[in-house]
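Each chain, written out:
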Amino acid sequence: MALEPLYSINVVCCNCEHQFSTSRVRPSFKKAVRTDADFCAYYNNENPDYYVVRVCPKCGFASTEHSTERLSDVQKKQFAEKIGKRWIERDYSGHRDWEIALETYKLALLCAQTIGEKDRIIASLLHHIAWLYRYKGDEEQEQRFLKYCLDSYIRVYELEGVGANNARLLYLIGELHRRTGDYHQAVKWFSRVINDKNIVDSAMIHASREQWGVLRQEMLDKRMELPGEMNPA
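In this text, all values refer to a predicted model and were calculated from it rather than measured experimentally. The residue numbering used here restarts from 1 in each chain and proceeds along that chain's sequence as written. Only residues with pLDDT of 70 or above have their local features reported here, since the model is predicted, and side-chain atom pairs are shown and tallied only from 80 upward, although totals for entire chains, interfaces and linings are computed over all residues. Side-chain metrics rest on all non-hydrogen atoms present in the structure, leaving aside hydrogens and water.

Here we look at unusual backbone geometry
- Backbone geometry at Glu17 places phi at a positive 65 degrees, although glycine is not the residue there.
- Helix numbers and strand numbers start at the N terminus; a helix is a DSSP run of H or I with at least 4 residues, a strand a run of E with at least 2. Relative to the helices and strands, Glu17 is located in the loop between β1 (6–12) and β2 (19–25).
- Phi angles above zero are rare outside glycine, and Phe39 is one such case at about 80 degrees.
- Along the chain, Phe39 falls in the loop between β3 (34–35) and β4 (41–42).

Structural data, given as C-alpha coordinates:
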(Lines give C-alpha, C1' and ligand atoms only; values in the text may rest on other atoms or scores of the structure.)
Protein backbone atom coordinates (compact mmCIF):
# COMPACT_ATOMS: atom_id res chain seq x y z
CA MET A 1 0.00 0.00 0.00
CA ALA A 2 1.49 3.34 -1.12
CA LEU A 3 2.21 5.95 1.51
CA GLU A 4 0.21 9.16 1.47
CA PRO A 5 2.39 12.27 1.06
CA LEU A 6 0.83 13.94 4.12
CA TYR A 7 0.97 12.91 7.76
CA SER A 8 -0.24 14.63 10.92
CA ILE A 9 1.62 15.89 13.96
CA ASN A 10 0.23 17.29 17.22
CA VAL A 11 1.22 20.81 18.20
CA VAL A 12 0.56 22.83 21.36
CA CYS A 13 -0.44 26.42 20.66
CA CYS A 14 2.09 28.89 22.06
CA ASN A 15 -0.72 31.35 22.81
CA CYS A 16 -3.64 29.41 24.32
CA GLU A 17 -1.91 26.02 24.90
CA HIS A 18 -4.63 24.16 22.99
CA GLN A 19 -3.33 20.94 21.39
CA PHE A 20 -4.19 20.58 17.72
CA SER A 21 -3.26 18.56 14.64
CA THR A 22 -1.43 19.97 11.61
CA SER A 23 -0.22 18.32 8.42
CA ARG A 24 3.32 17.85 7.14
CA VAL A 25 4.76 16.35 3.95
CA ARG A 26 6.70 13.11 4.44
CA PRO A 27 10.47 13.49 3.91
CA SER A 28 10.38 10.92 1.08
CA PHE A 29 8.07 13.27 -0.88
CA LYS A 30 10.22 16.37 -0.39
CA LYS A 31 12.45 15.98 -3.45
CA ALA A 32 12.34 19.22 -5.42
CA VAL A 33 12.36 19.07 -9.23
CA ARG A 34 14.21 22.41 -9.36
CA THR A 35 15.20 25.25 -7.08
CA ASP A 36 15.65 28.96 -7.82
CA ALA A 37 18.77 30.85 -6.75
CA ASP A 38 16.93 32.29 -3.72
CA PHE A 39 15.99 28.75 -2.58
CA CYS A 40 12.39 28.74 -3.88
CA ALA A 41 11.72 25.05 -4.60
CA TYR A 42 9.29 23.40 -7.04
CA TYR A 43 7.64 20.01 -6.51
CA ASN A 44 5.63 17.62 -8.64
CA ASN A 45 3.36 16.58 -5.77
CA GLU A 46 2.55 18.22 -2.43
CA ASN A 47 4.61 21.35 -1.78
CA PRO A 48 6.11 21.14 1.75
CA ASP A 49 6.15 24.95 1.96
CA TYR A 50 2.34 24.95 1.96
CA TYR A 51 2.43 23.24 5.38
CA VAL A 52 5.08 25.29 7.20
CA VAL A 53 2.56 27.43 9.10
CA ARG A 54 0.63 25.91 12.02
CA VAL A 55 -2.68 27.59 12.79
CA CYS A 56 -4.42 26.98 16.10
CA PRO A 57 -8.09 26.33 15.23
CA LYS A 58 -9.23 27.53 18.65
CA CYS A 59 -7.58 30.96 19.00
CA GLY A 60 -6.19 31.57 15.49
CA PHE A 61 -2.55 32.06 16.44
CA ALA A 62 -0.34 31.11 13.47
CA SER A 63 3.36 30.31 13.73
CA THR A 64 6.15 28.06 12.43
CA GLU A 65 8.43 25.61 14.21
CA HIS A 66 11.04 28.40 14.46
CA SER A 67 8.70 30.94 16.07
CA THR A 68 8.63 31.98 19.73
CA GLU A 69 7.77 28.88 21.77
CA ARG A 70 5.55 30.61 24.32
CA LEU A 71 4.03 34.07 24.30
CA SER A 72 4.48 36.48 27.19
CA ASP A 73 1.42 37.99 28.85
CA VAL A 74 2.06 41.23 26.95
CA GLN A 75 2.24 39.37 23.61
CA LYS A 76 -0.94 37.42 24.41
CA LYS A 77 -2.73 40.70 25.10
CA GLN A 78 -1.45 42.24 21.86
CA PHE A 79 -2.60 39.20 19.89
CA ALA A 80 -6.02 39.06 21.60
CA GLU A 81 -6.71 42.74 20.92
CA LYS A 82 -5.64 42.78 17.27
CA ILE A 83 -6.50 39.28 16.02
CA GLY A 84 -7.86 36.87 18.63
CA LYS A 85 -11.09 38.68 19.45
CA ARG A 86 -12.11 38.60 15.77
CA TRP A 87 -11.14 34.98 15.19
CA ILE A 88 -13.82 32.54 13.98
CA GLU A 89 -12.78 28.96 14.71
CA ARG A 90 -11.62 27.03 11.63
CA ASP A 91 -9.37 24.08 10.95
CA TYR A 92 -6.36 24.15 8.60
CA SER A 93 -5.34 20.51 9.03
CA GLY A 94 -5.40 18.23 5.99
CA HIS A 95 -4.61 19.13 2.38
CA ARG A 96 -3.85 22.78 1.52
CA ASP A 97 -4.13 24.37 -1.88
CA TRP A 98 -2.36 27.59 -2.94
CA GLU A 99 -5.10 29.89 -1.60
CA ILE A 100 -5.16 28.24 1.82
CA ALA A 101 -1.34 28.25 2.00
CA LEU A 102 -1.29 31.98 1.24
CA GLU A 103 -3.99 32.58 3.87
CA THR A 104 -1.93 30.77 6.54
CA TYR A 105 1.25 32.66 5.69
CA LYS A 106 -0.46 36.05 5.77
CA LEU A 107 -2.06 35.16 9.11
CA ALA A 108 1.34 34.06 10.45
CA LEU A 109 2.88 37.32 9.22
CA LEU A 110 0.16 39.35 10.93
CA CYS A 111 0.65 37.39 14.17
CA ALA A 112 4.44 37.81 14.01
CA GLN A 113 4.20 41.56 13.43
CA THR A 114 1.60 41.92 16.19
CA ILE A 115 3.71 40.23 18.89
CA GLY A 116 7.03 41.74 17.75
CA GLU A 117 8.52 38.46 16.53
CA LYS A 118 12.21 38.24 15.53
CA ASP A 119 13.13 39.86 12.21
CA ARG A 120 14.48 36.54 10.87
CA ILE A 121 11.05 34.94 11.30
CA ILE A 122 9.27 37.89 9.67
CA ALA A 123 11.76 37.92 6.77
CA SER A 124 11.24 34.19 6.20
CA LEU A 125 7.44 34.57 6.14
CA LEU A 126 7.69 37.48 3.67
CA HIS A 127 10.05 35.43 1.48
CA HIS A 128 7.67 32.46 1.43
CA ILE A 129 4.76 34.74 0.47
CA ALA A 130 6.87 36.08 -2.42
CA TRP A 131 7.51 32.48 -3.52
CA LEU A 132 3.78 31.72 -3.44
CA TYR A 133 3.14 34.62 -5.81
CA ARG A 134 6.03 33.41 -8.00
CA TYR A 135 4.34 30.01 -8.31
CA LYS A 136 1.28 31.84 -9.68
CA GLY A 137 3.31 34.07 -12.01
CA ASP A 138 2.10 37.21 -10.21
CA GLU A 139 5.27 39.28 -10.66
CA GLU A 140 3.85 42.48 -9.21
CA GLN A 141 2.98 40.88 -5.86
CA GLU A 142 6.16 38.80 -5.88
CA GLN A 143 8.28 41.95 -6.29
CA ARG A 144 6.30 43.71 -3.57
CA PHE A 145 6.96 40.98 -1.02
CA LEU A 146 10.58 40.45 -2.11
CA LYS A 147 11.23 44.12 -1.32
CA TYR A 148 9.58 43.81 2.11
CA CYS A 149 11.59 40.64 2.69
CA LEU A 150 14.84 42.33 1.63
CA ASP A 151 14.25 45.15 4.12
CA SER A 152 13.76 42.56 6.88
CA TYR A 153 16.90 40.61 5.95
CA ILE A 154 18.91 43.85 6.02
CA ARG A 155 17.54 44.59 9.52
CA VAL A 156 18.69 41.12 10.61
CA TYR A 157 22.16 41.87 9.23
CA GLU A 158 22.27 45.26 10.99
CA LEU A 159 21.32 43.64 14.29
CA GLU A 160 23.55 40.56 14.05
CA GLY A 161 26.47 41.70 11.86
CA VAL A 162 28.59 39.24 9.91
CA GLY A 163 28.93 36.03 11.86
CA ALA A 164 30.36 32.74 10.72
CA ASN A 165 26.83 31.49 10.02
CA ASN A 166 25.62 34.53 8.13
CA ALA A 167 27.03 33.79 4.66
CA ARG A 168 23.60 32.58 3.55
CA LEU A 169 22.02 35.82 4.81
CA LEU A 170 24.55 37.98 2.92
CA TYR A 171 24.06 35.88 -0.21
CA LEU A 172 20.28 36.22 0.03
CA ILE A 173 20.51 39.98 0.42
CA GLY A 174 22.63 40.08 -2.74
CA GLU A 175 20.28 37.79 -4.66
CA LEU A 176 17.15 39.70 -3.63
CA HIS A 177 18.79 42.97 -4.69
CA ARG A 178 19.43 41.31 -8.07
CA ARG A 179 15.85 40.05 -8.33
CA THR A 180 14.42 43.47 -7.46
CA GLY A 181 16.67 45.21 -10.00
CA ASP A 182 19.16 46.97 -7.71
CA TYR A 183 22.21 45.54 -9.45
CA HIS A 184 24.85 47.76 -7.88
CA GLN A 185 23.75 46.79 -4.36
CA ALA A 186 23.71 43.14 -5.45
CA VAL A 187 27.35 43.44 -6.53
CA LYS A 188 28.31 44.80 -3.10
CA TRP A 189 26.63 42.01 -1.15
CA PHE A 190 27.90 39.17 -3.36
CA SER A 191 31.36 40.72 -3.09
CA ARG A 192 31.19 40.55 0.73
CA VAL A 193 30.55 36.81 0.61
CA ILE A 194 33.33 36.19 -1.91
CA ASN A 195 35.98 38.46 -0.37
CA ASP A 196 35.40 38.31 3.40
CA LYS A 197 38.10 35.99 4.77
CA ASN A 198 35.93 35.21 7.81
CA ILE A 199 33.36 33.51 5.59
CA VAL A 200 34.24 29.87 5.00
CA ASP A 201 30.87 28.60 3.73
CA SER A 202 32.07 27.17 0.42
CA ALA A 203 28.51 26.56 -0.89
CA MET A 204 27.53 30.21 -0.39
CA ILE A 205 30.84 31.47 -1.82
CA HIS A 206 30.26 29.31 -4.90
CA ALA A 207 26.62 30.46 -5.19
CA SER A 208 27.70 34.11 -4.89
CA ARG A 209 30.27 33.63 -7.67
CA GLU A 210 27.62 32.02 -9.88
CA GLN A 211 25.09 34.80 -9.30
CA TRP A 212 27.82 37.40 -9.77
CA GLY A 213 28.25 35.94 -13.27
CA VAL A 214 24.47 35.98 -13.90
CA LEU A 215 24.30 39.56 -12.66
CA ARG A 216 27.22 40.67 -14.85
CA GLN A 217 25.55 39.21 -17.94
CA GLU A 218 22.21 40.86 -17.08
CA MET A 219 23.94 44.22 -16.76
CA LEU A 220 25.75 43.76 -20.08
CA ASP A 221 22.48 42.74 -21.77
CA LYS A 222 20.85 45.93 -20.49
CA ARG A 223 23.91 47.98 -21.54
CA MET A 224 24.44 49.09 -17.96
CA GLU A 225 27.84 50.35 -16.84
CA LEU A 226 29.64 47.71 -14.82
CA PRO A 227 31.10 48.62 -11.42
CA GLY A 228 34.89 48.58 -11.33
CA GLU A 229 35.07 45.29 -9.44
CA MET A 230 33.05 43.54 -12.16
CA ASN A 231 35.35 44.52 -15.02
CA PRO A 232 38.03 42.03 -16.07
CA ALA A 233 41.39 42.71 -14.44
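Points about the packing of aromatic side chains
- Two rings from Phe, Tyr or Trp (for Trp, the six-membered ring) form a pair when their centres are within 6.5 Å of each other. A pair whose planes differ by under 30 degrees is stacked, one over 60 is edge-to-face, and the rest are tilted. Per the stated rule, a full pass over the model turns up 8 aromatic pairs.
- For the ring pair Phe61 and Phe79, a centre distance of 5.2 Å and an interplane angle of 75 degrees mean the geometry is edge-to-face. Within this pair, whereas Phe61 is found in the loop between β5 (54–55) and β6 (62–63), its partner Phe79 is found in helix α1 (residues 73–82), the two being separated by 18 residues in sequence.
- Overall, Phe79 belongs to the buried group, its relative accessible area being 1%.
- Each ring, one from Tyr133 and one from Phe145, has its centre 5.8 Å from the other, and the planes form 20 degrees; the classification is stacked. A residue pair is termed long-range when its members are at least 10 positions apart, and Tyr133 in helix α3 (residues 119–136) and Phe145 in helix α4 (residues 139–160) qualify at 12 residues.
- The buried category is assigned to Phe145, whose relative accessible area is 5%.
- Lying across the ring of Tyr42, Arg34 places its NZ or CZ 3.8 Å from the centre.
- Over the aromatic face of Trp98 sits the side chain of Lys136, whose NZ or CZ is 5.0 Å from the ring centroid. Partly exposed describes any residue whose relative accessible area lies between the buried limit of under 20% and the exposed limit of over 50%, with all areas from a 1.4 Å probe on protein chains only and scaled to the type maximum. In our convention, an over-ring charge means Lys NZ or Arg CZ found within 6 Å of a ring centre and within 35 degrees of that ring's normal.

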